[in-house]
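# Coordinates in review
Chain residues, written in single-letter form:
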Amino acid sequence: MSDTVSITIRQEEGYKFLVDFGAGLPPLIADEPEPLGGGEGPDPSHILLAGVANCLAASLLFALKNSSRIPAGSAPRPPPSLAATKTTGYG
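Scope of this entry: the structure provided in the associated data block. The shown structure was predicted, so the numbers you read here are calculated from the model rather than taken from an experiment.

## A short note on the environment of isoleucine 7
Checked against the element boundaries, isoleucine 7 lands in the segment before β1 (8-13). Measuring from C-alpha to C-alpha, the distance between isoleucine 7 and glycine 22 comes to 6.8 Å, with 15 residues separating the pair along the chain. When near neighbours in sequence (up to four residues on either side) are disregarded, isoleucine 7 contacts Val19, Asp20 and Phe21.

## What about the pattern of salt bridges?
Inspection of the entire model under this criterion finds two salt bridges. Between arginine 10 and glutamate 12 there is a salt bridge, with its nearest N and O atoms 2.9 Å apart. According to the relative accessible area criterion, arginine 10 is partly exposed, its value standing at 47%. When the shortest N-O distance is used, the salt bridge between lysine 16 and glutamate 40 registers 2.9 Å. Of the two residues, lysine 16 is situated in strand β2 (residues 16-20) and glutamate 40 in the loop between β3 (28-31) and α1 (44-66); the sequence distance between them amounts to 24 residues.

## Here's the deal with the pairing of β2
As paired elements, β1 and β2 share five bridges and run antiparallel to each other. Counterpart to glutamine 11 in the pairing with β2 is phenylalanine 17. What sits between the antiparallel neighbours β1 and β2 is a turn of two residues, in which glycine 14 has the positive phi angle 50°. Both β2 and β3 contribute to a ladder of four bridges, which runs antiparallel. The residue of β3 that forms the bridge with lysine 16 is aspartate 31.

Thresholds, definitions, all that
- Here the residue index of a chain counts from 1 through its sequence in written order.
- The model is predicted, so local features are restricted to residues of pLDDT at least 70 and side-chain atom pairs to those at 80 or more, both for listing and for counting; the totals for chains, interfaces and linings are taken over all residues.
- Each side-chain value is worked out from all heavy atoms of the structure, with water and hydrogens disregarded.
- Helix numbering and strand numbering both begin at the N terminus, where a helix is a DSSP run of H or I of at least 4 residues and a strand a DSSP run of E of at least 2.
- Contact between two residues is taken to exist if any of their heavy atoms lie within 4.5 Å; hydrogens are not considered.
- Any Lys or Arg side-chain nitrogen located within 4 Å of an Asp or Glu carboxyl oxygen qualifies as a salt bridge.
- For each residue, the accessible area found with a 1.4 Å probe, counting protein chains only, is set against the maximum for its type, and the residue is called buried under 20%, exposed over 50%, and partly exposed in between.
- Strands pair, by our definition, only if DSSP identifies at least two bridges between them.

Purely geometric numbers; function is a separate question.
The following block contains the structure:
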């Protein structure tokens with residue numbers, strides 16, 4: 001695995017951007033909600049929130065798997081979903 005992570009972002013129209021992660025991953029459309037954009041994809045704050053939530057969940061899972069409270073070779077059953085919220089100045 002490379003130590004360098006990079007992405008390419010290309011403006012499609014208005015506030016709609018195509019995010020290319022490279023490395024065989026599918027691209028992602030990011031778009032601001034109306035009235036700024038068309039809401040055709042998650043807005044950047046949703047993407048950031050998802051990234052932070054994923055890092056926290058993965059860190060918690062790693063800590064739980066490596067704690068003495070869980071036997072080696074077993075993993076806790078993850079919850080069906082994790083919820084995170086954000087507030088915006090829109091609408």
